[in-house]
Amino acid sequence: MSMVEMLRFRRDPLGFVENYSHRSPSGVFRLPWGAWCVGDSDLALVVLRDPAFNTGMAPFFGDLLPSRPAQNDFGHAVRNLVRARLPEYRVNMAKAAAELPEAGQWPATGAMLVYRCTADLLLQPGASPTLRRSMEQAVRVGSLVRAPHMWQRALVEMRRPKLKPVVVELVTARRREGIPADEPRDLLDTLIGVCPDEVTSRELADLYLLMFLSIVGTVGHSVAWSLLLACLHSRPRSSWPWPADWIVREAARHRPVVWMVGRSVPRPTVFGGVPFQPGAVLSVSPYLLHHDENRWTRPGVFRPERWAEPGEHGPYVPFSSGPFICAGAAVAQTMISDALTALADDAHLTVTGGDLRPFVTNAAICRPFVLHRTTKPRGGPPRRERR
């Protein structure tokens, strides 16, 4: 990619990809860094849903699990654990939201908020204080997503705690001691119980950290997008006119955190008028699918009310689609909605700063903004913010 194109991409990543899609004469186009992206919605849905493009192992797990059935069992076990602990998460979130300062820096606050509300799910109380401290530090220094600039990555790397050796040690100890047969105490018990014996302790540690980053990072940054978009599109000092679930769905449509997913070409084929060899990767952008003017009414507008209107929904794939869809998609949606509900409860929310152009690396995260949360006194006007 040329320096000029790189600067354009950094300035407005989603607009950059959208522009390349519109300029392409076919449904598949090549990005400046060499990747192939499917811009046509019909072709994109074929890539996501056709069994021919979704055989073998789910790319999300890499080679950490030995088979597709093992991957399925793993995803379902994590989903079931988180779903069972949702009542605890809601209680924690209500308490944590009430304790927030009147002004907070986001999206960093979102990831920390979700971590603190899932800390006992991730690792039972009293287990490995060293690991708990290191996980909190990892969230605090921003190592859940790849930083957008080289100097930021270097700074994060210097501050990043060494999590894997501590997790490997804990996995080894728990495997040796055995885990409860009835109910898992935390995420680590769940993974040890569901992973085949041939998965090594180091591989299991990698899977644990992958789930830690996925749960805390994806949910935390999705909460941040939902807050920012709802506040920017509603009247200041007034309650939001939409249910939390509508806001979350529309935020995930308008600014999906997962901005690209890929599938391998299974055999020599011509797709969208372009020849491909086996092993080539075709990428699909949920953002492009969510902004297709032929599938959505006014897709460039943030309109949570569209989720109550029949016929307003185009292809909606914030957690992918087809055989490789995220097993925890519905649970993640619930966690984001619960967080938004807790933050808006008895409070007026406004933002300063905020920019709808995301930082895009391995995820599309919102740029820093300040959330002002002014609680509503019972029976009286909102309390003024301290300056």
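In this report, we go over the structure that sits alongside the text. The shown structure was predicted, so the numbers you read here are calculated from the model rather than taken from an experiment. (Residues numbered from 1 in each chain as written. Predicted model: local features only at pLDDT ≥ 70, side-chain atom pairs only at ≥ 80, totals over all residues. Heavy atoms only, no water.)

### Here we look at the overall build of the chain
Then, in step 1: Along its length, the chain carries 14 helices and eleven strands.
Then, in step 2: Here the C-alpha atoms of the chain give a radius of gyration of 22 Å, agreeing with the 21 Å that 2.2 N^0.38 yields for 387 residues.
Then, in step 3: With respect to the three principal axes, the spread of C-alpha positions in the chain is 60 × 55 × 45 Å.
Then, in step 4: Out of the 387 residues belonging to the chain, those deemed buried represent 50%.
Then, in step 5: Within the chain, contacts between residues separated by at least 24 positions form 68% of all contacts whose residues are at least 6 apart in sequence.
Then, in step 6: As presented, the chain carries roughly 18,200 Å² of accessible surface, and 54% of it is formed by carbon and sulfur atoms. (Helix = DSSP H or I, 4+ residues; strand = E, 2+ residues; numbered from the N terminus. Rg over C-alpha atoms; globule rule 2.2 N^0.38 Å. Buried < 20%, exposed > 50% of the residue type's maximum accessible area, 1.4 Å probe, protein only. Contact = heavy atoms within 4.5 Å. Areas by Shrake-Rupley, 256 points an atom, 1.4 Å probe, with all protein chains shown as cover.)

### Regarding unusual backbone geometry
Then, in step 1: Going from Trp106 to Pro107, the amide bond is cis rather than trans, its omega being 10°.
Then, in step 2: Structurally, the position occupied by Pro107 is in the loop between β3 (103-106) and α6 (108-122).
Then, in step 3: The backbone of Ser128 shows a phi angle near 40°, a positive value even though the residue is not glycine.
Then, in step 4: Here Ser128 shows up in the loop between α6 and α7 (129-140).
Then, in step 5: Here the phi dihedral of Arg298 falls at roughly 45°; this positive angle occurs in a residue that is not glycine.
Then, in step 6: Relative to the helices and strands, Arg298 is located in the loop between α13 (286-290) and α14 (329-344).

### A word on the environment of Arg367
Then, in step 1: By secondary structure assignment, the location of Arg367 is in the loop between β10 (364-365) and β11 (369-375).
Then, in step 2: For the pair Arg367 and Asp42, spaced 325 residues apart in sequence, the C-alpha separation works out to 32 Å.
Then, in step 3: Contact partners of Arg367, with chain neighbours within four places excluded, come to Arg10, Arg11, Trp106, Pro107, Asp355, Arg357, Pro358 and Phe359.
Then, in step 4: At 3.2 Å, the side chain of Arg367 and the backbone oxygen of Arg10 are in polar contact. (Polar contact = N/O pair within 3.5 Å; in protein donor to acceptor, adjacent residues only side chain to side chain.)

### Some points on the packing of aromatic side chains
Then, in step 1: As enumerated under the stated definition, the model contains 14 aromatic pairs in all.
Then, in step 2: Aromatic side chains Phe9 and Trp259 sit 6.1 Å apart centroid to centroid with 45° between the ring planes, which places their arrangement in the tilted category. Separated by 250 residues along the polypeptide, Phe9 in helix α1 (residues 3-11) and Trp259 in the loop between α12 (244-254) and β4 (261-264) bring together distant segments of the chain.
Then, in step 3: Trp259 sits in the buried class, given a relative accessible area of 9%. (Phe/Tyr/Trp six-rings, centres within 6.5 Å; stacked < 30°, edge-to-face > 60°.)

### Digging into the pattern of salt bridges
Then, in step 1: Within this structure, the stated rule accounts for 16 salt bridges.
Then, in step 2: Arg132 is the salt-bridge partner of Asp120, the closest N and O atoms lying 2.9 Å from each other. Note that Asp120 is positioned in helix α6 and Arg132 in helix α7, a separation of twelve residues in sequence.
Then, in step 3: Its relative accessible area of 28% is what places Asp120 among the partly exposed residues.
Then, in step 4: For Lys164, the salt bridge goes to Asp206, with nearest N and O atoms at 3.0 Å. Here Lys164, found in helix α9 (residues 163-177), pairs with Asp206, found in helix α11 (residues 201-232); they are 42 residues apart in sequence, far enough to count as distant.
Then, in step 5: Judged by relative accessible area, Lys164 falls into the partly exposed class, the value being 24%.
Then, in step 6: Here the salt bridges do not stand alone but share partners, grouping Arg174, Arg185, Asp186 and Asp189 into one network. (Salt bridge = Lys/Arg side-chain N within 4 Å of Asp/Glu carboxyl O.)

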